[in-house]
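One letter stands for each residue in the lines below.
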Amino acid sequence: MTAVGASPALTPAPPAAPAPDAGAATRSGLRFQDVTVAYHGTTVLDGFTLEVAPGEVVALLGPSGSGKTTALRTAAGFTTPLRGRVHIGGRDVTDLPPYRRGIGMVVQQYALFPHLRVEQNVAFGLKAHRTPRAEIPGRVARALEMTGMGGYARRYPRELSGGQQQRVAIARALAIRPDVLLLDEPLSALDAQLRSGMLAELARLHRELPHVSILYVTHDQLEALTLADRIAVMKDARLVDCDTPRRLYRRPGDTFTAAFVGQANLLPVAVEWHDGSVSLAGAALRGAPAAGLAPGDEAVLCIRPHLVRLGAVGGRNALAGTVADIQWRGAGHRLLVDLDTGPRLTADLGELRVPPLPGERVTLCFDPEDAVVLPAAGEDGADG
Amino acid sequence: MLVHSRAARLAHWTLFLLLVVPVFALPLLMVVGASFADRWDGALPSAFTAAHYADLGRGQSLDALVTSLSTALVAGLAALTVGGWAALAARGSGRRLRHLLDGLFMLPLAVPSVVVGLALLVAFSKPPLLLNGTTTIVLLAHTVLVTSFAYQSVRAAIGRLDPALEQSAAGLGAPPAQVLRRVTLPLLLPSLTAAFGLCFALSMGELSATMMLYPPDWLPLPVRIFAATDRGALFTGAALAVALIASTLVVLAATARLRTRASYR
Amino acid sequence: MASVLSEAPVRAPAPAVVRPGRRPRSVPGWVWALPPLAGLGLVFLYPLVLVGWQSVSPDTGGHSLAAWSDVLGSTAFHRALRTTVWVAAGSTVGCLLLGFYLAWVIAFVPFPGARLAGRFIDLFVALPSFLITLSLAFIYGSAGIANGAWTGLTGSHHTLFAFLTTPWGVLLAEITYFTPFVMRPLLAAFSQVDTAQIETAASLGARPGRIVRQVILPEVLPALAAGGSLVLVMSLNQFGIVLFTGAKDVTTLTLLVYSRAVLESDYPAACVIAVVNVVLSVALHSLYRLCLPRAGKEGGNRAGA
């Protein structure tokens, strides 16, 4: 689908010899430094600090209204921060208009220019950057090749499918060889099947562009987990957590992250001891300990549904309850169990030979390694 | 969002004001100012009076105001009926008839009003329909001229209607007449009121066809304003013009109010 | 009316398609179109046809093209036609330039009172045209502010601004009056322009000028064309402004129709001029209506070809 050999033309020339003493600012692809944005007195982004290294993909993940799009728009220059600075490629761009920032941007609705052919769309940025005329056709062709749209150069956007339009939008953003690529929910307008295809495609593009920093705004945890080197979780205008997908998933820092990145059972417990011992309405359980919790504190035990097992192994971490509902979900069964101790637990199990019926008594268990004890956080205890 | 630098924005706003104020705002202000003028020797009126307005309340001026208001009322209602009916009929008919209706009902917009006046004069100056010199011919002219606007507005409003609403009404067993009365017309009410307001305003200001047709006992405001300014009574003309603007605005505001109320139903 | 009745057979195959909610037995749709069509036919179409008829029927009886040759050969007609076309073309260009800029500022460089300005424009459209000439008289007229200030400053009684009674005065009044008619469709079209496209263009390095030329303009071209042709038609048909200008040497076709018919009672001549005017206007109006559907959805797609 793509000529990989074409990629060097698209990537910014790698520095011949990276200066060993180059400070963080010069290495940084994109850096937010304590950025605060407010509209009409409402703070929509609060003290946001984040760095995206060259070649790194950082996903901004959060529910709508959490400030993730504002962060992206501030990087692009469409929103002026009240406070804080934005650096791109080591340059302070806070006061620069969007057209002087050297960014590539792809938005949800593609925003292709409907009156321009595909090749003219891709050439738009090159012309705006006053690229020598002779270079333009070659660079347009390479950008289209790279996204697998080489055969569509003469088409108009309306003659393309949604997925193809998105490829053109990406080619258009890449053609100007940006240091930073901003992707604002680029896949959310596509249907599920196309989306997973495009996700793989984006991952491949990223491998071919080892020097481009990518900021990827999404509310879809799967996109974030698949694509990102790091995930920045946002909530209520703030950055609440930022780590590699694996760490965020295995060891979320709080109940919000636990519920938002992947699904989670959040059981209200009381801390018994520093080693991760807790009690759920008197029943003793054990999870991986989290720092900052003292015996007697209220806490939340977070268990991923697919790490819950049926039956009791060695009698540890056993939870008895009554089956409230059972759903067959193709790959396996989902059990909703009302625990004797109160809360309802979701368990995603493999396909069961003899599935229990609603009303039947069952015992569930989990490995202490697979559960995390988190500080209780009031209203966020929603089940993912 | 398009112009990012504050200085450039300020420059555009300044230029905007420099264009809008002398071209649009100042002329209207001057009419109001002149309507109070008693003498105008230098750059601005040197003496003021409310006499021009006092004159409005009696005699010819009052007649003209009443004439204009009644003409606009009759023409507006007639245009709304005919134009609205035609627009509804256009929806229920085939593509070719719809195009024909569109073409014919928009035609008065293309034909100069003076020619509409001339045409009525030519057509109705001899028996069997001798209307020349009557009030009716003025009313007819106004109706013809504003019907296009009524047709256009209602037609556009029908295009914006969600067909699902009427379809569900019909699906619930309502016969067409009931769908029209209970669903379509109430939904169109805001647009109908707006269309009436527009027709009324246009009829209030109609001069061209009226100049061709008006009988001596039916002089609407615009004709009276022309007569006043033509004989040099500019300030009286200005006062009459302010009366014309004010009454038009009152009706427009009233229909806008009705419209908001109707659209909250 | 003949054309209406000839439409009827066209509908014949249609009743097979029963619209939802329409009982098959009800009156066919075209019947409902007859009453308003009959009304329009009687008070508009029939009189319009008579105008054409009258233009070849002199008062002396019989039929002749004498009125046509007289009018078409007269210098008054030629001058009126020239003035009409000149003023119409001039005001169209003026309105397009001024209207585009003003609407652009309201839409893309918004300021606190921008919405109010939009409402003000709606209001302007509802006002009669002759008000503009009347008010301009108070500004640039022989006794208006401008000349009053000039006299006050210099003591000279020479009227500096005397253009009101020239075609330039008509042009200024028409630009003032018709600009809102360009702005309204433009503002609607501007609001349809995808913000994401503008932002993407900016992120690709395009400055505002380039964005206006290459992103916004192609998108709103149909609306601009519609507004422009509307102004062209309206200014061909404009009467009040010219009448109120009251200058002897500024005569347009519509004014000529009025003076021939009402002042001179020369109906055949008035009808000839009217026919010429109607043909011009209707031709341009058809052009306008051709622009309209494209102003809706798939506008400007050929601009990049």
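Residues numbered from 1 in each chain as written. Chains lettered and ligands numbered in written order. Predicted model: local features only at pLDDT ≥ 70, side-chain atom pairs only at ≥ 80, totals over all residues. Heavy atoms only, no water.

> Honestly, the interface of chain B and chain C in this entry has me stumped. Any pointers?
Many structure descriptions define interface size as the accessible area lost when the parts assemble. With 82 residues of chain B at the contact, the number on the chain C side is 87 residues. Contact between chain B and chain C buries roughly 7,500 Å² in total, counting both sides, with carbon and sulfur atoms accounting for 82%. Counting every contact that joins chain B to chain C gives zero salt bridges. Seen at the junction of chain B and chain C, the total is four residue pairs in polar contact (both at pLDDT 80 or more). Among the residues making up the side of chain B that touches chain C, the classes are represented as 67 nonpolar, twelve polar and three charged. (Contact = heavy atoms within 4.5 Å. Buried area = accessible area lost by both parts, 1.4 Å probe. Salt bridge = Lys/Arg side-chain N within 4 Å of Asp/Glu carboxyl O. Polar contact = N/O pair within 3.5 Å; in protein donor to acceptor, adjacent residues only side chain to side chain. Nonpolar A, V, L, I, M, F, W, Y, C, P; charged D, E, K, R; others polar.)

> Would you mind going over the confidence of the model for chain A with me for this structure?
Where the model shows low pLDDT, its predicted coordinates should not be examined in detail. Residue and element names in this part refer to chain A. Overall, the predicted model of chain A reaches an average pLDDT of 84, with 90% of residues at or above 70. Across residues 1–26, where pLDDT falls below 50, the model places 35 contacts with residues more than four positions away in sequence or in other chains. Across residues 379–384, where pLDDT falls below 50, the model places twelve contacts with residues more than four positions away in sequence or in other chains. (pLDDT = per-residue confidence, 0-100.)

> Would you explain the side chain of Thr257 of chain A in this entry?
Residue and element names in this part refer to chain A. Among the structural elements, Thr257 can be located in helix α10 (residues 255–260). Look at Thr257 and you get buried, because its relative accessible area is 0%. Setting aside anything within four residues of it in sequence, one finds Thr257 in contact with Val233, Val240, Asp241, Leu248 and Pro252. (Helix = DSSP H or I, 4+ residues; strand = E, 2+ residues; numbered from the N terminus. Buried < 20%, exposed > 50% of the residue type's maximum accessible area, 1.4 Å probe, protein only.)

> Quick question: what am I supposed to make of the sheet that holds strand β13 (residues 283–286) of chain A here?
Across a sheet, paired strands are connected by hydrogen bonds in the backbone, their directions being either parallel or antiparallel. All names here are of chain A. One open sheet accounts for five strands, arranged β13-β12-β11-β14-β20; its pairing is antiparallel. Both outer strands of the open sheet, β13 and β20 (371–375), are each paired with one neighbouring strand and no more. When strand polarity is set aside, the average angle formed by the axes of neighbouring strands in this sheet is 45°. Alignment of strand β14 (residues 298–303) against β20, held across five bridges, turns out to be antiparallel. Counterpart to Leu301 in the pairing with β20 is Val373. (Pairing = 2+ DSSP bridges. Axes fitted to C-alpha atoms, helices over the stretch in contact; angles between N-to-C directions.)

> Help me out: how do you make sense of the UniProt feature "domain: ABC transporter" (unreviewed entry) in chain A in this one?
The sites that carry the UniProt feature "domain: ABC transporter" (unreviewed entry) are, in the present numbering, residues 30–261 of chain A. Annotation note: span residues 30–261 of chain A, helix share 35%, strand share 27%, distance between end C-alpha atoms 24 Å. (UniProt positions renumbered as here; feature names shortened; annotations may be inferred.)

> Which parts of the structure should I look at to understand the packing of aromatic side chains?
The geometry of two aromatic rings is summed up by the distance between their centres and the angle between their planes. Under the criterion given, the structure shown has 21 aromatic pairs over all chains. Taken together, a centroid distance of 5.1 Å and an interplanar angle of 85° make the contact between Trp86 of chain C and Trp168 of chain C edge-to-face. Taken together, the positions of Trp86 of chain C in helix α4 (residues 75–108) and Trp168 of chain C in helix α8 (residues 167–192) put the pair 82 residues apart, joining distant regions of the chain. Here the aromatic rings of Phe100 of chain C and Phe190 of chain C are separated by 5.6 Å at their centres, their planes lie at 75°, and the arrangement is edge-to-face. Taken as a pair, Phe100 of chain C in helix α4 and Phe190 of chain C in helix α8 lie far apart in primary sequence, 90 residues in all. Both residues of the pair, Phe100 of chain C and Phe190 of chain C, count as buried. For Arg172 of chain A, the ring lying beneath its charged end belongs to Phe113 of chain A, and the centroid distance is 4.7 Å. Cation over ring: Arg304 of chain A sits above Tyr249 of chain A, and NZ or CZ is 4.2 Å from the ring centre. (Phe/Tyr/Trp six-rings, centres within 6.5 Å; stacked < 30°, edge-to-face > 60°. Lys NZ or Arg CZ within 6 Å of the ring centre and 35° of its normal.)

> Just to check I follow, could you spell out the UniProt feature "domain: ABC transmembrane type-1" (unreviewed entry) in chain B for this structure?
Mapped onto this numbering, the UniProt entry gives "domain: ABC transmembrane type-1" (unreviewed entry) at residues 65–253 of chain B. Structurally, residues 65–253 of chain B is divided into 82% helix and 0% strand, and its ends, taken at the C-alpha atoms, are 18 Å apart.

> What should I look at first to understand a nonpolar patch on the surface in this one?
Taken together, the side chains of Val32, Phe36 and Phe48 of chain B present a nonpolar region at the surface, about 280 Å² in accessible area. Examined against the element boundaries, Val32 of chain B turns out to sit in helix α1 (residues 6–35). (Patch = residues over 30% accessible without salt bridge, like charges linked within 9 Å, V, L, I, M, F, W, Y side chains within 5 Å. Areas by Shrake-Rupley, 256 points an atom, 1.4 Å probe, with all protein chains shown as cover.)

> Where do I start with unusual backbone geometry in this structure?
With glycine set apart, most residues show a phi of negative sign, and most peptide bonds adopt trans. Residues and elements named next belong to chain A. If you check the backbone angles, Asp34 has positive phi at about 55° while not being a glycine. Here Asp34 is to be found in strand β1 (residues 30–39). Owing to a relative accessible area of 36%, Asp34 belongs among the partly exposed residues under this scheme. One non-glycine residue with positive phi stands out, namely His40, at about 45°. As for its position among the elements, His40 is in the loop between β1 and β2 (42–52).

> Sorry, what's going on with the pairing of strand β10 (residues 238–243) of chain A here?
Walk down a regular strand and you will see the side chains alternate between the two sheet faces. Residue and element names in this part refer to chain A. Alignment of strand β9 (residues 230–235) against β10, held across five bridges, turns out to be antiparallel. For Lys235, the partnering residue across the bridge sits in β10 and is Arg238. Linking β9 to β10, which pair antiparallel, is a turn of two residues; within it Asp236 sits at a positive phi near 45°.

> Just to check I follow, could you spell out the domain arrangement of chain A for this structure?
All names here are of chain A. Each assigned domain of chain A is listed with its residue range as follows: domain 1 (22–250) and domain 2 (255–375). For domain 1 versus domain 2, the distance between C-alpha centres works out to 38 Å. Of the residues lining the interface, 14 residues belong to domain 1; the matching set on domain 2 comes to eleven residues. Both sides of the domain 1 and domain 2 interface together cover about 1,100 Å² of buried area, and 66% of this is carbon and sulfur. Contact with domain 2 buries surface across domain 1, with Gln221, Tyr249 and Arg250 losing the most and accounting together for 50% of the total. Seen at the junction of domain 1 and domain 2, the total is one salt bridge. Summed over the shared surface of domain 1 and domain 2, the result is three residue pairs in polar contact (both at pLDDT 80 or more). Sorting the residues of the side of domain 1 that touches domain 2 by element identifies α8 (221–227), β9, β10 and α9 (245–250) as the ones contributing at least two each. (Domains from an automatic or database assignment.)

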